[in-house]
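Architecture and fold: a report
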Amino acid sequence: MTDGVYYDPLATELLVPRWSDQASQLRSAANGLSGVSTSGLPSAAQGPARIFLEMWENTQRKASVAADVYADELRSIHGAYTSFDEEIARRLEQLEPH
């Protein structure tokens, strides 16, 4: 532990699937919004409703990318820590008398 930084590989195993699932759900919701019809609304409300839906769809797509990036970064950090720990163990083993 260094200056309060702590890495928990078990938490990573829990968080990566959650972030990936969130990204998938956001993409699904965005796809659902893209097909929503505003034709049932009064004509004066159709334009603003379409703009709102397009903006919300765009926001969900951006959020899904952010969730994917976060999951990818957690995977990367997990790989880096695992490799680092393995390298330290290897070097310590070399220092032990045989």
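Our subject is the structure listed above.
The structure reproduced in this document is the subject of the present report. (Residues numbered from 1 in each chain as written. Predicted model: local features only at pLDDT ≥ 70, side-chain atom pairs only at ≥ 80, totals over all residues. Heavy atoms only, no water.)

**Some details on the overall build of the protein chain**
Heads up, the condition is: For the purposes of this entry, the term helix denotes a DSSP run of H or I that reaches at least four residues, the term strand denotes a run of E that reaches at least two, and both are numbered from the N terminus. Our radius of gyration is a C-alpha quantity, and the globule rule it is checked against amounts to 2.2 Å times the number of residues to the power 0.38. A simple rule labels every residue: compare its accessible area, found with a 1.4 Å probe on the protein chains alone, to the largest value its type can have, and call it buried under 20%, exposed over 50%, or partly exposed in between. Only heavy atoms enter the contact rule, under which two residues are in contact if any of them lie within 4.5 Å. Calculation of accessible area relied on Shrake-Rupley with a 1.4 Å probe; when residues are assessed, cover is drawn exclusively from the protein chains displayed.
Within the protein chain, the regular secondary structure consists of two helices and zero strands. A compact globule built from 98 residues should have a C-alpha radius of gyration of about 13 Å, whereas the protein chain, at 23 Å, is more than 25% larger. Seen along its three principal axes, the alpha-carbon backbone of the protein chain occupies a region of about 85 × 25 × 15 Å. Of all 98 residues assigned to the protein chain, the portion counted as buried reaches 16%. Taking as baseline every contact in the protein chain between residues at least 6 positions apart, the subset at least 24 positions apart corresponds to 71%. In the structure as shown, the protein chain presents an accessible area of about 7400 Å², 60% of it carried by carbon and sulfur atoms.

**Let's talk about the pattern of salt bridges**
Where we set the bar: In what follows, salt bridge is the name for a side-chain nitrogen of Lys or Arg lying within 4 Å of a carboxyl oxygen of Asp or Glu.
Taken as a whole, this structure holds five salt bridges when the rule is applied. A salt bridge links Arg 61 to Glu 57, with the nearest nitrogen and oxygen atoms 3.0 Å apart. You can see Arg 61 and its partner Glu 57 sitting in helix H2 (residues 43-95), four residues apart, about one turn around the helix. Judged by its relative accessible area of 15%, Glu 57 falls in the buried class. Among the ionic pairs, Glu 87 bridges to Arg 90, the shortest N-O distance being 2.5 Å. Of this pair, Glu 87 and Arg 90 both sit in helix H2, three residues apart, roughly one helical turn.

**So, the environment of Leu 95**
Here Leu 95 is to be found in helix H2. Leu 95 gets classed as exposed once you look at its relative accessible area, which sits at 70%. Spatially, the C-alpha atom of Leu 95 lies 47 Å from that of Ser 24, the residues being 71 residues apart in sequence.

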